[in-house]
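# A closer look at the structure
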Amino acid sequence: MYREHRERLLDELAREGAAAVMPTATLKVRNHDSTYRFRPDSDFWYLTGFAEPEATLVLLGGLPAAEDEARREPRSILFLRERNPEQETWTGRRLGTEAAPAELHVDEARDADGLWKALPDLLAGYERVHYRTGLDEERDREMLGVIDSLRQRSRTGTPPVAELVDPATLVHELRLFKSLAELDCMRRAASVTGEAHLAAMRAAAAGVGEQELDALIEYTVRRRGCTGMAYTNIVAGGANACILHYIENDQPLADGDLLLIDAGAEHQFYAADVTRTFPVNGVFTDEQRALYEVVLEAQLAGIDEVRPGVRFDRAHEVATERLVAGLLRLGLLQGDAEQLISDGEHRRFFMHRTGHWLGLDVHDCGAYADEEGDSRLLEPGMVTTVEPGLYVAPDDETVEEHWRGIGVRIEDNVLVTAEGNEVLTADIPKTVENVEAACAGRDLDAVPS
Ligand code: GLY
Ligand code: MN
Ligand code: MN
């Protein structure tokens with residue numbers, strides 16, 4: 001799968017007569033001398049399937065007029081850490097340059113320590129180089145040094161690098177369309193995510209801590225061999241659900257409250273991104289159910305708009321219309337629906353977008369607009385979330401007291417297919433009836449086996 005991705009990019013580079021330098025992520029310090037577990041850069045992973053730090057992929061599109069025959073063809077070179085038994089005792093196993101070509105199907109593997117020294121020779125003759133600046137100052141300085149040394153060489157007839165371009169335009173457009181193999185990873189992430197949400201529904205009860213469910217979700221995901229969570233879990237009881245990025249997850253759950261959980265597994269670094277909202281005690285109150293049904297109707301209507309040839313924004317427009325109609329029906333808004341939407345009055349209750357691309361990053365790459373700036377038409381292979389919500393602030397005195405502090409979001413992951421769509425997360429309980437049934441067997445020890 002990764003080799004195929006790399007070859008697709010190499011084809012583009014060959015067409016452009018360009019080269020690309022794609023480093024992975026840098027290890028991040030958490031505090032003092034403790035680091036976070038390493039997570040590769042998504043573009044780098046997409047092109048290599050290689051998860052060690054300190055690696056860089058160099059792709060050469062080929063120079064048809066080069067004297068040296070070896071430089072005429074497209075070529076991939078991976079710079080990675082050399083084997084070092086002493087270091088490996090401390091920081092873990094390394095693939096090393098000898099094993100890398102067979103393991104990763106790159107044309108060549110070299111010691112990462114030699115990257116900056118080797119680059120001027122490798123890039124000589126390429127007038128267009130793809131490299132993303134702004135992620136690491138030291139690396140940017142080294143890269144500028146390489147470009148400068150190539151400029152010096154131009155006196156001897158080698159054309160200097162004239163354009164340093166962001167690889168994002170090419171790579172991110174490729175990443176937007178998921179192959180069957182990538183979809184297998186996303187399906188696995190979706191199914192494990194379902195298991196985790198179900199475990200949380202069963203385990204929730206008054207007095208249980210948000211942090212217990214946070215841990216239960218991560219446990220359920222990691223025991224299935226996933227690479228981790230795709231983003232920090234949101235486990236928000238009661239009015240905490242009205243804080244969109246609530247990640248403290250440290251409050252006890254209260255009887256009679258709703259619980260909003262936004263959590264997704266990451267399998268082979270491919271994300272799921274799912275939200276479910278359910279009653280802590282397993283039974284919706286009338287007000288909770290009324291708002292929930294409005295969000296659910298908006299979400300189903302939004303999902304219906306996910307099909308080829310429909311603008312990306314359409315799901316948001318339709319979901320917003322349904323939410324506003326529901327708010328009018330319930331008396332949380334008054335007036336004319338169209339006017340309220342054009343005045344942005346609904347944003348008091350629904351302040352985010354209805355979806356985003358999903359893939360190796362939870363808010364995945366890929367343009368949302370076409371070259372004219374219009375919302376892009378959906379095509380098979382794209383994956384988007386559909387996630388409307390309603391959040392009534394606990395201090396909102398424009399609505400009756402019994403609505404205050406209720407927050408509901410329902411989020412699924414939807415693949416655009418040739419015929420319409422496929423909801424990758426369809427198995428996770430969502431109707432009032434199914435959610436209440438899933439909550440019914442609550443027991444914190446009942447982690448599904
Ligand atoms: N979990 C982030 C989002 O739903 O967009
Ligand atoms: Mn989410
Ligand atoms: Mn989302």
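Right, let's walk through the structure included here.

Parameters at a glance
- Sequence order as written defines the numbering, with residues in each chain counted from 1.
- Here chains are named by letter from A upward and ligands by number from 1 upward, in the order in which they appear as written.
- Given that the model is predicted, a residue must reach a pLDDT of at least 70 before its local features are reported, and side-chain atom pairs must reach 80 or more before they are shown or counted; all residues, however, enter totals for whole chains, interfaces and linings.
- The side-chain quantities take in all heavy atoms of the structure and omit both hydrogens and water.
- Think of it in three bands: residues with accessible area under 20% of the maximum for their type are buried, residues over 50% are exposed, and the middle band is partly exposed, with areas taken using a 1.4 Å probe on protein chains only.
- Secondary structure is summarised from DSSP: a helix means a run of H or I of at least four residues, a strand means a run of E of at least two, and numbering begins at the N terminus for each.
- In short, DSSP must find at least two bridges between two strands for them to pair.
- For helices, the axis comes from a line fit to the C-alpha atoms of the stretch in contact; other axes are also lines fit to C-alpha atoms, and the angle between any two N-to-C directions lies between 0 and 180 degrees.
- Only nitrogen, oxygen and sulfur atoms within 2.8 Å of the metal, or 3.2 Å for Na, K and Ca, are treated as donors, and water is left out, so sites may look incomplete.
- Angle rules define the geometry names used: all angles between 85 and 135 degrees makes four donors tetrahedral, while opposite donors over 155 degrees apart and all other angles between 65 and 115 make four donors square planar and six octahedral, leaving every other case irregular.
- Whether a residue is near a molecule or strand depends on its heavy atoms: if one lies within 4 Å, it is near.
- Pairs of N or O atoms are called polar contacts if they sit within 3.5 Å, as long as, within protein, a hydrogen donor faces a hydrogen acceptor (for residues adjacent in sequence, only side-chain-to-side-chain pairs).
- Residue burial considers only the protein chains on display, and all accessible areas are found by Shrake-Rupley using a 1.4 Å probe.
- The classification used treats Ala, Val, Leu, Ile, Met, Phe, Trp, Tyr, Cys and Pro as nonpolar, Asp, Glu, Lys and Arg as charged, and all other residues, Gly among them, as polar.
- The salt bridge criterion pairs a side-chain nitrogen of Lys or Arg with a carboxyl oxygen of Asp or Glu, the two atoms within 4 Å.
- Between the rings of Phe, Tyr and Trp (Trp by its six-membered ring), a pair exists once the centres lie within 6.5 Å; its type follows the angle of the planes, with under 30 degrees stacked, over 60 edge-to-face, and the other angles tilted.
- Each angle is binned into one of four classes, with values under 35 degrees roughly parallel, values over 145 roughly antiparallel, values of 65 to 115 roughly perpendicular, and all other values oblique.
- Note on convention: the crossing is left-handed when the near helix lies turned anticlockwise from the far helix by less than a right angle, right-handed when the turn is clockwise.
- Contact definition: two residues touch when any of their heavy atoms are within 4.5 Å.

### Some points on the pairing of strand β1 (residues 18-23)
Within a regular strand, the side chains alternate between the two sheet faces. Most of β1 is tucked away, with 6 of its 6 residues classed as buried. Residues Ala 18, Ala 20 and Met 22 of β1 are buried on one face, and the alternating residues Ala 19, Val 21 and Pro 23, pointing to the opposite face, are buried as well. Here 3 bridges tie β1 to strand β7 (residues 128-130), and the two strands are oriented parallel to one another. Bridging across to β7, Ala 19 finds its partner in Val 129. Inspection of the sheet shows β1 paired to strand β4 (residues 56-60) by 5 bridges, in the antiparallel sense. Note on β4: the bridge partner recorded for Pro 23 is Thr 56.

### Some words on the sheet that holds strand β15 (residues 383-386)
Either a parallel or an antiparallel arrangement is found when strands of a sheet pair, and the pairing is made through backbone hydrogen bonds. If you trace the 3 strands from one edge of the open sheet to the other, you get β15-β18-β19, paired in antiparallel fashion. Since the sheet does not close on itself, it has two edges, and those belong to β15 and β19 (421-423), each with one partner. Geometrically, the sheet is characterised by an average inter-axis angle of 30° between neighbouring strands, direction not taken into account. Alignment of strand β18 (residues 412-416) against β19, held across 3 bridges, turns out to be antiparallel. When the bridges of β19 are listed, Leu 415 appears paired with Glu 422.

### Re the coordination of the manganese ion (ligand 2)
Protein coordination of the manganese ion (ligand 2) is provided by Asp 262 (OD), Asp 262 (OD), Asp 273 (OD) and Glu 411 (OE), with donor distances spanning 2.0 to 2.3 Å. Geometry at the manganese ion (ligand 2) is irregular, judged from the 6 donor atoms that bind it and their angles of 56 to 171° at the metal. All donor residues of the manganese ion (ligand 2) come from one chain, and their arrangement in sequence is D-x10-D-x137-E. Here the manganese ion (ligand 2) and the manganese ion (ligand 3) are spaced 3.3 Å apart, with Asp 273 acting as a shared donor. With a gap of 138 residues between them, Asp 273 in the loop between β13 (270-271) and β14 (274-279) and Glu 411 in the loop between β17 (407-409) and β18 connect regions that are remote in the sequence.

### Things to note about the coordination of the manganese ion (ligand 3)
Protein ligation of the manganese ion (ligand 3) involves Asp 273 (OD), His 356 (NE2), Glu 387 (OE) and Glu 411 (OE), the donor distances falling in the range 2.1 to 2.2 Å. Positions of the donor residues of the manganese ion (ligand 3), expressed as sequence spacing, correspond to D-x82-H-x30-E-x23-E. Judged by its relative accessible area of 8%, Glu 387 is buried.

### Looking at the site of ligand 1
In the vicinity of ligand 1, the residues found are Tyr 231, Asp 262, Asp 273, His 356, His 363, Glu 387 and Glu 411. Between ligand 1 and Asp 273 there is a distance of 3.2 Å, counted from an oxygen atom to a side-chain nitrogen or oxygen. His 356 has a polar side-chain atom sitting 3.0 Å from an oxygen atom of ligand 1. Across the complex, the protein chains shield 85% of the 190 Å² of accessible surface that ligand 1 would expose by itself. The residue makeup of the shell around ligand 1, split by class, is 1 nonpolar, 2 polar and 4 charged.

### A look at the pattern of salt bridges
Counted by the stated rule, this structure contains 33 salt bridges. The structure contains a network of salt bridges with shared partners spanning Asp 43, Arg 175, Lys 178, Asp 361 and Asp 364.

### Here's the deal with the packing of aromatic side chains
Throughout the structure, instances matching the rule amount to 6 aromatic pairs. For the pair Trp 45 and Phe 269, a centre-to-centre distance of 4.6 Å together with 75° between the ring planes defines the contact as edge-to-face. On the criterion of sequence distance, the pair formed by Trp 45 in helix α2 (residues 42-48) and Phe 269 in the loop between β12 (265-267) and β13 is long-range, its members being 224 residues apart. In this structure Phe 269 comes out as buried when scored by relative accessible area, which is 8%. Taken together, the ring pairs in this structure connect Tyr 2, Trp 45 and Phe 269 into an aromatic cluster.

### Digging into the sheet that holds strand β11 (residues 258-263)
A sheet is described by the order of its strands in space; here 3 strands give the open sequence β10-β11-β14, paired in antiparallel fashion. In this open sheet, the two strands that pair with only one neighbour each are β10 (234-237) and β14. On average, adjacent strands in this sheet sit at an angle of 10° to one another, irrespective of strand direction. Where β10 meets β11, 4 bridges bridge the pair, whose relative direction is antiparallel. Directly across from Val 235, in β11, lies its bridge partner Ile 261.

### Things to note about the packing of helix α10 (residues 286-304) against helix α11 (residues 314-330)
α11 packs onto α10 with a crossing angle of 155° between their chain directions and a minimal axis gap of 8 Å. Judged on the interaxial angle alone, α11 and α10 are roughly antiparallel. Helix-helix and strand crossings are classified by hand; for α10 and α11 the assignment is right-handed. Of α11, the residues touching α10 (which contributes Ala 290, Leu 291, Val 294, Val 295, Glu 297, Ala 298, Ala 301 and Gly 302) are Ala 315, Val 318, Ala 319, Arg 322, Leu 323, Gly 326, Leu 327, Arg 329 and Leu 330.

### Structural notes on the pairing of β15
Residues Val 383 and Thr 385 of β15 are buried on one face, and the alternating residues Thr 384 and Val 386, pointing to the opposite face, are buried as well. Sheet topology note: the β15/β18 ladder contains 4 bridges and is antiparallel. Opposite Thr 385, over in β18, you have Asn 413 as the bridge partner.

### Quick look at the environment of Thr 285
Note that Thr 285 resides in the loop between β14 and α10. Thr 285 sits in the partly exposed class, given a relative accessible area of 30%. Once the C-alpha coordinates of Thr 285 and Glu 317 are considered, the two residues, 32 residues apart in sequence, prove to be 29 Å apart.

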